[in-house]
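Structural description and commentary
Listed below are the residues making up each chain.
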Amino acid sequence: EGNFMDMLETWSIPICGSVIAQELVARVLAAKNVSIARNGTLIGGGLYLLVGLMPVYLGLVGGQLIPSVEDSEQIVPLLAREHLHSLLFIIFAGALISAILSTVDSALLACGALLSHNLILPLMPDLSPSRKLIYTRATVVTCGILAYFFALKAGRIYDLIETASSFGTSGVFVVMVMGLFTKIGGPASAIATLIVGLISFVIGEYAIPDYNYSFITSLACAVTTFLLASAWTRRMPGQHSPA
């Protein structure tokens, strides 16, 4: 049972977290029709799989080529240093650092934009353009500070990726799936689901020692919250689920 739960936790984080990734959402929203959105997503997923298999292959063969590696996360840079010319290794290292910085930059900008436009602006709709810009910049800086402390806490790059894919994404995933494929729920259900999903993950991840199933627990809490909140709002006078 423990092995099954571990496997479920391990697989659910990248799958559910990637469904709501900014790359996928941006590709779908930028498409001018349904066909382009579907084909663009499938082609992009295929390219992600193709490119992603390259470091996986290097990691699999790296242990045979360099058997004395102490840190497994250093296998790709060590392979490049051992088998590439010095100039090519410099280019490789520069490209790797550029890719990391570009990803971090995009994530911070996306997070700051989402917070400022979806949280701050609805609460303060009369802000001037200059004030909106200030609040957007402040959210980006705040997200950067939080990311810095997360980086200090993590011991491996994998831990950072896992945290980025799981932190608060369970509620968003449930709301998106329910909104796309069902006709139940509404704004109150969505807000309650987002809050409960985030809080349950934080409690499981940081408040309970040695608890290894924080994400699937937060998923279960998010689904339960959405269903209960939807049923409650349907019972209220004058409240109807969106058609």
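My aim in this report is to walk through the structure given alongside it, one point at a time. For clarity, every value in this text was computed on a predicted model and none was experimentally measured. (Residues numbered from 1 in each chain as written. Predicted model: local features only at pLDDT ≥ 70, side-chain atom pairs only at ≥ 80, totals over all residues. Heavy atoms only, no water.)

Some words on the overall build of the protein
The criterion, for reference: Going along the chain from the N terminus, every DSSP run of H or I of four or more residues is numbered as a helix, and every run of E of two or more is numbered as a strand. When checking whether two residues touch, look at their non-hydrogen atoms; a contact exists if any pair is within 4.5 Å. All accessible-area figures derive from a Shrake-Rupley calculation using a 1.4 Å probe, and residue coverage is judged against the displayed protein chains alone. Lys and Arg are tallied as positive, Asp and Glu as negative. Neither His nor the chain termini are counted. A charge is said to be at NZ when it belongs to Lys, at CZ for Arg, at CG for Asp and at CD for Glu.
Of the regular secondary structure elements, the protein holds 10 helices and 0 strands. Along the protein, helices (α) and strands (β) appear in the sequence α-α-α-α-α-α-α-α-α-α when read from the amino end. Each principal axis of the C-alpha atoms in the protein carries an extent, and together these give about 70 × 55 × 40 Å. Sequence separation of 24 or more characterises 61% of the internal contacts of the protein that already satisfy a separation of 6 or more. Accessible surface, the protein as shown: approximately 16,700 Å² in total, 71% of it carbon and sulfur. The distance from the centre of the 12 positive side-chain charges to the centre of the 14 negative ones in the protein is 19 Å.

Here we look at the nonpolar core
For clarity, the cut-off: Nonpolar core, defined: a set of buried Ala, Val, Leu, Ile, Met, Phe, Trp, Tyr and Cys residues in which side-chain atoms within 4.5 Å join the residues together. Exposure is judged per residue with a 1.4 Å probe applied to protein chains only, and the accessible area is read against the type maximum: over 50% gives exposed, under 20% gives buried, and values in between give partly exposed.
Counting 9 residues, the largest nonpolar core consists of I13, C16, F173, V174, M178, F215, L219, A222 and F226. Breaking this core down by element, the ones donating at least two residues are α1 (2–19), α8 (169–181) and α10 (214–235). If you tally residues by element for this core, the top one is α10, at 4 residues. Other than its neighbours up to four places away in sequence, L219 contacts C16, S170, F173 and V174.

Focus on the packing of aromatic side chains
The geometry of an aromatic ring pair is captured by the separation of the ring centres together with the interplanar angle, meaning the angle of the planes. Applied cut-off: Two rings belonging to Phe, Tyr or Trp (six-membered ring only in the last case) form a pair when the distance between their centres is within 6.5 Å. Interplanar angles under 30 degrees mark stacking, angles over 60 mark edge-to-face geometry, and anything in between is tilted.
For the coordinates displayed, the defined rule picks out 3 aromatic pairs. Here F167 and F201 contribute two aromatic rings whose centre-to-centre distance is 6.0 Å and whose plane-to-plane angle is 90°, an arrangement assigned as edge-to-face. Linking F167 in the loop between α7 (157–166) and α8 with F201 in helix α9 (residues 187–207), this pair joins segments that are 34 residues apart in sequence. By relative accessible area, which is 33% here, F167 ends up partly exposed. Judged by relative accessible area, F201 falls into the buried class, the value being 2%.

Focus on the packing of α8 against α9
What counts here: In this analysis, axes come from line fits to C-alpha atoms, helices being fitted only over the stretch in contact, and the angle between any two N-to-C directions falls in the range 0 to 180 degrees. These descriptions rest on fixed angle ranges, namely under 35 degrees for roughly parallel, over 145 for roughly antiparallel, 65 to 115 for roughly perpendicular, and the rest for oblique. It is the rotation of the near helix from the far one that decides the hand of a crossing: anticlockwise by less than a right angle makes it left-handed, clockwise makes it right-handed. In the scheme used here, Gly and all other residues not listed as nonpolar or charged are polar, with Ala, Val, Leu, Ile, Met, Phe, Trp, Tyr, Cys and Pro taken as nonpolar and Asp, Glu, Lys and Arg as charged.
Remark: α8 packs on α9, axes separated minimally by 7 Å, with the N-to-C direction vectors making an angle of 150°. Looking at the two axes, α8 sits roughly antiparallel to α9. Judged by the sense of rotation from one axis to the other, the crossing of α8 with α9 is right-handed. Of the residues in α9, those touching α8 at S170, G171, V172, V174 and V175 are A190, T193, L194 and G197. Class assignment for the residues of the contact of α8 with α9 results in 5 nonpolar, 4 polar and no charged.

Notes on the environment of I90
Residue position: I90 is located in helix α5 (residues 86–123). For I90, a relative accessible area of 56% corresponds to the exposed category. When the C-alpha atoms of I90 and T224 are compared, they prove to be 51 Å apart, with 134 residues separating the residues in sequence.

Geometric values such as these leave the question of function open.
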